[in-house]
Amino acid sequence: MKTRFAPSPTGYIHIGNVRSAIYPYLLAKQQDGEFVLRIEDTDQSRYVEGATELIEDTLRWLGLDWDEGPIVGGPNGPYFQTERRAIYQEWAKKLLDIGRAYYDNTPSEKIQTYRDECTRNKTPFLYRNFRPESASNAPIANAPIRFKADPKPRSWHDEVMGDLSAGPETQDDIILIKADGLPTYNFAHIIDDYLMGITHVIRGVEYLPSIPNYLALYEAIDLPVPKMALLPHILAPTGNKKLGKRDGAKSVTEYRADGILPEAMLNYLANLGWNDGTEQEIYTKVELIKKFSLDKVQKSGARYDETKLLWLNGQWIRRIADEEGVDALYARTQGFWPDNAAPFDDDYKKRVLSIIYDRLKSLSDLKTMTNYFFADPEIDLEMITGNKFLKKFSEEELSTLLQQTVQKVKDVEWNEDSLQLALNELLAETTKKPAELFSVIRLALSYAPFSPALHLTMDVLGRDTTLARLQETVSALENN
């Protein structure tokens with residue numbers, strides 16, 4: 001078993017691209033096979049500087065280490081197609097020698113007139129119908145090399161889509177080598193997959209129309225056809241079209257910067273179009289390797305759902321903290337804390353994280369959900385007086401509750417258990433409901449829509465900060 005991921009370095013990495021890396025990786029590792037990374041950079045007009053490094057970094061972040069390819073090397077290199085030019089020329093010559101390819105210097109303007117003619121006649125454009133009578137294998141400088149099609153019915157088995165077939169009208173005289181001497185994808189990937197020993201080719205369903213031409217090439221060169229698997233589209237949230245950037249999907253790099261964990265991204269994308277038939281939703285990489293199979297990949301498109309990704313991310317944040325410890329989660333939070341956390345030491349931030357992590361959906365939530373642990377919040381009495389549990393109380397009554405709180409806790413031993421006991425006693429003494437008493441205290445301390453359990457928040461803030469904030473709100477209420 002040998003699979004590959006063969007991206008083009010043309011910019012950011014879309015989640016659909018990454019899924020086309022995840023499935024072949026899982027399949028190879030499940031069978032103790034090899035996973036190859038190959039950079040298909042023959043389209044120099046779309047090449048983006050730094051894109052290859054971004055691809056490599058993203059795969060490493062997700063834990064998709066490759067056995068052959070850039071950096072790690074291997075016996076079948078080079079792994080950049082632009083460095084394999086002589087190989088493609090050699091294989092193109094084989095087709096020229098057997099009369100299955102020809103040099104074609106037809107001007108692009110002339111080809112466009114052929115297209116226009118077909119448009120007027122409402123017939124499909126097939127270049128083979130306009131093949132030059134002089135087409136031969138005689139070299140022509142700076143001329144593309146085209147395949148000489150032998151159209152016939154084609155049938156094949158796809159590991160996801162099942163048995164497929166296509167008629168002669170799907171095959172044409174495709175370009176093998178461009179005028180610049182570099183190969184087209186249609187030709188290069190077939191040669192590379194053969195020479196690198198690829199047994200399974202997994203790619204998006206958008207390649208379906210091209211497969212009859214690929215089969216014709218395999219036949220003409222007399223190469224074995226690898227097993228092929230077409231992955232269904234990832235659909236927009238509406239479910240009625242292929243997912244695009246306009247539909248809100250971000251690059252993997254952007255999700256990473258937003259605090260999505262690699263475990264969650266891997267988990268989500270693996271399940272986007274695949275299910276092992278159970279109700280399980282949380283999968284480790286090891287579990288995915290064990291359970292993945294192409295026959296469980298769905299044929300229809302999978303709807304993209306960022307809400308599900310965020311839910312999974314929250315689950316993974318809790319899982320890491322609970323199973324590996326808060327220190328392990330904290331190690332991943334660098335760069336996600338609010339700016340005002342900078343002066344505080346690691347131990348204090350770990351204490352904050354230990355009581356907040358179970359409410360995080362992404363690590364970037366730390367910026368908005370922990371500010372009040374590092375700086376006094378701006379007093380906003382409307383948050384208190386407008387609270388659904390507190391609006392029935394006068395400002396004087398609210399002030400009295402906060403003063404009673406100060407008196408109750410100012411001299412207790414400052415730890416979680418003592419604070420919880422003191423707050424419970426205060427409930428009994430004030431005869432207020434937990435939602436009433438605890439809401440006014442919580443808001444006076446944080447002025448935030450959410451904060452952790454009150455006794456935990458007070459413990460982390462410390463005695464001096466807690467009492468000072470309660471007194472400040474008392475003063476604000478009395479002077480309002």
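Our structure's up above, just so we're on the same page.
A brief look at the structure comes next.

What counts, and at which threshold
Residues numbered from 1 in each chain as written. Predicted model: local features only at pLDDT ≥ 70, side-chain atom pairs only at ≥ 80, totals over all residues. Heavy atoms only, no water. Pairing = 2+ DSSP bridges. Helix = DSSP H or I, 4+ residues; strand = E, 2+ residues; numbered from the N terminus. Axes fitted to C-alpha atoms, helices over the stretch in contact; angles between N-to-C directions. Buried < 20%, exposed > 50% of the residue type's maximum accessible area, 1.4 Å probe, protein only. Contact = heavy atoms within 4.5 Å. Polar contact = N/O pair within 3.5 Å; in protein donor to acceptor, adjacent residues only side chain to side chain. Phe/Tyr/Trp six-rings, centres within 6.5 Å; stacked < 30°, edge-to-face > 60°. Salt bridge = Lys/Arg side-chain N within 4 Å of Asp/Glu carboxyl O. Right-handed = clockwise from strand over helix to strand, strands pointing away.

**Looking at the sheet that holds strand β7 (residues 175–177)**
Link 1 in the chain: Here we have three strands laid out as an open sheet, ordered β3-β4-β7, and antiparallel in their pairing. One side of each edge strand has no neighbouring strand; the edge strands of this open sheet are β3 (101–103) and β7. Taking each pair of neighbouring strands and ignoring which way they run, the sheet shows an average axis angle of 35°.
Link 2 in the chain: When strand β4 (residues 145–147) meets β7, the two strands line up antiparallel, connected through two bridges. Residue R146 lies in a different strand from β7, and its bridge partner there is I175.

**Some remarks on the pairing of strand β6 (residues 162–166)**
Link 1 in the chain: Direction of pairing for strand β5 (residues 154–158) relative to β6: antiparallel, over a ladder of five bridges. Looking across to β6, one finds that D158 is bridged to G162.
Link 2 in the chain: The antiparallel pairing of β5 with β6 creates a hairpin that spans three residues between the two strands.

**Comments concerning helix α8 (residues 262–270)**
Link 1 in the chain: Taken across its nine residues, α8 has eight buried, putting it largely inside the fold.
Link 2 in the chain: Check the buried side of α8 and you find it contacts α1 (15–30), α2 (51–62), α7 (252–257), α9 (285–291), β11 (302–303) and α10 (306–324).

**Quick word on helix α5 (residues 185–195)**
Link 1 in the chain: Every buried residue belonging to α5 is among F187, A188, H189, I190, I191, D192 and D193, and all of these are buried.
Link 2 in the chain: As for α5, its buried residues are in contact with β1 (2–5), α3 (85–97), β7, β8 (200–204) and α6 (211–221).
Link 3 in the chain: Among the residues trailing α5, G197 stands out with phi positive, at a value near 75°.

**As for the side chain of S446**
Link 1 in the chain: Relative to the elements of secondary structure, S446 occurs in helix α17 (residues 434–446).
Link 2 in the chain: Engagement of the side chain of S446 in a polar contact is seen with the backbone oxygen of R442, the distance being 3.0 Å.
Link 3 in the chain: Ignoring sequence-local partners within four residues, the contact set of S446 consists of Y372, P377 and S451.

**With respect to the packing of aromatic side chains**
Link 1 in the chain: Evaluated as defined, the whole model comprises 17 aromatic pairs.
Link 2 in the chain: Each ring, one from Y348 and one from F374, has its centre 5.8 Å from the other, and the planes form 80°; the classification is edge-to-face. With a gap of 26 residues between them, Y348 in helix α12 (residues 346–356) and F374 in the loop between α13 (366–369) and α14 (381–385) connect regions that are remote in the sequence. An identical accessibility class is assigned to Y348 and F374; each is buried.

**Examining the pattern of salt bridges**
Link 1 in the chain: In total, this model carries 26 salt bridges according to the counting rule given.
Link 2 in the chain: Because the salt bridges share partners, they merge into one network encompassing R4, R38, E40, R84, D192 and D193.

**Here's the deal with unusual backbone geometry**
Most peptide bonds take the trans form, and the phi angle of most residues other than glycine is negative.
Link 1 in the chain: A cis amide bond links G77 with the next residue in sequence, P78, at an omega value of 0°.
Link 2 in the chain: By the secondary structure assignment, P78 is in the loop between α2 and α3.
Link 3 in the chain: Notably, I71 is not glycine yet its phi reads approximately 75°, a positive angle.
Link 4 in the chain: With respect to the helices and strands, I71 occurs in the loop between α2 and α3.
Link 5 in the chain: Taking relative accessible area as the criterion, I71 reaches 64% and is therefore assigned exposed.

**Concerning the pairing of strand β9 (residues 227–231)**
Link 1 in the chain: For β9, the tally of buried residues reaches four of five residues, placing the bulk of the element in the interior.
Link 2 in the chain: With five bridges connecting them, β8 and β9 associate as parallel partners. From the neighbouring strand, I202 faces β9, where its bridge partner is A229.
Link 3 in the chain: As for the winding sense of the linkage, the β-α-β connection from β8 through α6 to β9 is right-handed.

**A closer look at the environment of K110**
Link 1 in the chain: Structurally, K110 can be placed in helix α4 (residues 108–121).
Link 2 in the chain: K110 gets classed as partly exposed once you look at its relative accessible area, which sits at 41%.
Link 3 in the chain: Between the alpha carbons of K110 and E159 there is a distance of 41 Å; along the sequence they are 49 residues apart.

Any functional reading would require information beyond the geometric quantities listed.
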